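# Coordinate analysis (summary)
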Amino acid sequence: MAFTRLHSSTVLFSHLLTFSPLLHPPLLPFSSLSLSRLANRRAPVSASVVAMDQNPTEEIEAPTTTRRKWKPLCLYYTQGKCTMMEDGSHLEKFNHNLALDLGVDGFVLNKLRPQELDYLLVLDLEGKVEILEFPVVMIDTRNMKFVDSFHRFVRPTMMSEQKITQYIEGKYGKFGVDGVWHDTAIPFKDVLQEFEQWLAHHNLWEKVNGGPLNRAAFVTCGNWDLKTKVPDQCRVSKIKLPPYFMEWINLKDIFLNFYNRRATGMVTMMRELQMPLFGSHHLGIDDAKNIVRVLQHMLSDGALMQITARRGSSESGDVKFTFKNRI
């Protein structure tokens with residue numbers, strides 16, 4: 001798929017919309033919930049682009065005759081750094097509400113089971129050498145609705161600026177979002193500090209009390225994010241592994257045990273459930289949204305979300321897996 005990257009005096013970013021040749025249409029949006037905002041942000045750089053491909057699609061087909069115009073996410077807004085909220089043309093071009101892509105109106109909810117957890121935090125990290133992107137999307141298990149999101153681009157701490165530039169160009173240049181990464185990325189240690197404020201805002205965790213999350217758990221597509229990458233990054237950043245990262249739900253294991261079908265990743269799960277893939281695969285915030293959509297589908301089918309992995313201690317690499325059948 002070809003796309004056009006636009007440039008001006010300010011750094012611009014583009015966003016691809018990818019359609020999978022699958023059957024089901026996207027979900028209807030529901031009334032959006034306001035996103036929480038953390039204070040004391042750095043002054044942002046504004047952005048405005050048009051996403052293009054060979055066959056540009058301006059509208060998404062909904063399950064009914066209602067149609068809504070698809071808009072790429074404003075990646076400055078997801079990080080609390082958009083300065084163009086009063087600019088009508090910018091608001092017309094970009095989505096500033098993740099809830100619009102995560103509606104539940106298209107699901108049948110009569111099979112929804114009571115869950116042991118009130119909230120699920122879908123996490124999908126990006127970055128193989130060091131973490132480059134830290135997106136979390138929070139949903140309420142009682143109604144499957146989007147609650148809030150946390151999204152930060154992460155600046156490596158053990159690489160030269162030249163290496164960082166090459167790394168980011170290779171990773172995000174193909175999406176046209178390397179500019180917004182350079183404008184907004186902060187060190188992992190700072191990301192965790194802001195993330196802990198976000199958790200406390202939602203009463204999910206308090207630093208003074210430590211321990212696991214309160215009635216919530218991380219959901220990942222595989223074990224790599226929390227078994228391997230976060231501990232590795234904590235060692236590089238010279239910080240102790242936070243206690244809220246000690247357990248998680250691997251959605252692939254839940255999928256295998258609930259449907260009795262083996263799915264090697266997010267795209268496979270979406271294909272099995274006949275769901276279209278939206279956004280740019282391997283842009284973390286887009287992948288997190290797609291994983292949420294899989295999670296919503298599974299909840300509506302009656303799946304029970306249970307912890308699938310627990311770490312023995314922050315100093316130990318030992319992880320206990322709770323499911324006999326797992327990926």
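- An unreviewed UniProt entry lists the protein under the name Polynucleotidyl transferase ribonuclease H-like superfamily protein, with Rhynchospora pubera as the source organism.

## Examining the confidence of the model for the protein
- Mean pLDDT for the protein: 82, with 78% of residues reaching 70 or above.
- Here residues 1–67 scores under 50 on pLDDT; set against residues more than four positions off or in separate chains, the count is 173 contacts.

## So, the packing of helix α6 (residues 251–259) against helix α8 (residues 284–300)
- One way to put it is that α6 packs onto α8 with a least axis distance of 12 Å and a crossing angle of 30 degrees. Judged by the inter-axis angle, α6 sits roughly parallel to α8. Classified by chirality, the crossing of α8 by α6 is left-handed. For the pair formed by α6 and α8, the contact residues are L251, I254, F255, F258 and Y259 on the first element and I291, V294, L295, H297 and M298 on the second.
- The residue inventory of the contact of α6 with α8, partitioned by class, reads nine nonpolar, one polar and no charged.

## Topic: the sheet that holds strand β7 (residues 216–220)
- What the eight strands build is an open sheet, ordered β6-β5-β4-β3-β7-β8-β9-β10; its pairing is mixed. Edge positions in the open sheet fall to β6 (186–187) and β10 (319–321), since each of these has one partner strand only.
- Where strand β9 (residues 309–311) and β10 come together, three bridges link them in antiparallel fashion. Residue pairing for β10: R310 is matched across the bridge by K320.
- Those strands touched by α6 are β7 and β8 (247–250), and its axis lies near 50 degrees from that of β8.
- Running at roughly 25 degrees to strand β4 (residues 133–140), α8 makes contact with β3 (119–123), β4, β5 (146–155) and β7 of the sheet.

## Topic: the pairing of β8
- In the sheet, β7 pairs with β8 via three bridges, with the strands oriented parallel. What sits directly across from T220, in β8, is N250.
- Note on the crossover from β7 through helix α5 (residues 224–236) to β8: the handedness is right-handed.
- Inspection of the sheet shows β8 paired to β9 by two bridges, in the antiparallel sense. Across the sheet, residue W248 finds its bridge partner in β9, namely A309.

## What about the packing of aromatic side chains?
- Applying the stated criterion to the full structure yields 14 aromatic pairs.
- Look at F134 and F188: their rings are 6.4 Å apart centre to centre, the planes differ by 65 degrees, and that puts the pair in the edge-to-face class. Within this pair, whereas F134 is found in strand β4, its partner F188 is found in helix α4 (residues 188–201), the two being separated by 54 residues in sequence. There is no split in this pair, since F134 and F188 are both buried.
- Members of the aromatic cluster, each reached through a chain of ring pairs, are F134, F150, F188, F195, W198, W205, F218, Y244 and F245.
- Positioned above the aromatic ring of Y172, the side-chain terminus of K171 is 5.7 Å from the ring centre.
- A cation sits over an aromatic face here: R326 above F321, 3.9 Å from the ring centre.

## A few points about helix α2 (residues 161–172)
- With 12 residues, α2 ought to run about 16 Å at 1.5 Å a step, and its terminal C-alpha atoms sit 16 Å apart, in line with that.
- Turning to α2, its buried residues are I164, Y167, I168, K171 and Y172. Looking straight down α2, one finds that the buried residues subtend no more than 95 degrees of arc, so they occupy a single side. Opposite the packed face of α2, turned more than 90 degrees from it, sit the exposed residues Q162 and G170.
- Considering only its buried residues, α2 is in contact with β4, β5 and α3 (178–184).

Thresholds, definitions, all that
Residues numbered from 1 in each chain as written. Predicted model: local features only at pLDDT ≥ 70, side-chain atom pairs only at ≥ 80, totals over all residues. Heavy atoms only, no water. pLDDT = per-residue confidence, 0-100. Contact = heavy atoms within 4.5 Å. Axes fitted to C-alpha atoms, helices over the stretch in contact; angles between N-to-C directions. Helix = DSSP H or I, 4+ residues; strand = E, 2+ residues; numbered from the N terminus. Parallel < 35°, antiparallel > 145°, perpendicular 65-115°, else oblique. Left-handed = near helix turned anticlockwise from the far one by under 90°. Nonpolar A, V, L, I, M, F, W, Y, C, P; charged D, E, K, R; others polar. Pairing = 2+ DSSP bridges. Right-handed = clockwise from strand over helix to strand, strands pointing away. Phe/Tyr/Trp six-rings, centres within 6.5 Å; stacked < 30°, edge-to-face > 60°. Buried < 20%, exposed > 50% of the residue type's maximum accessible area, 1.4 Å probe, protein only. Lys NZ or Arg CZ within 6 Å of the ring centre and 35° of its normal. Expected span 1.5 Å × (residues − 1). Arc of directions from axis to C-beta.

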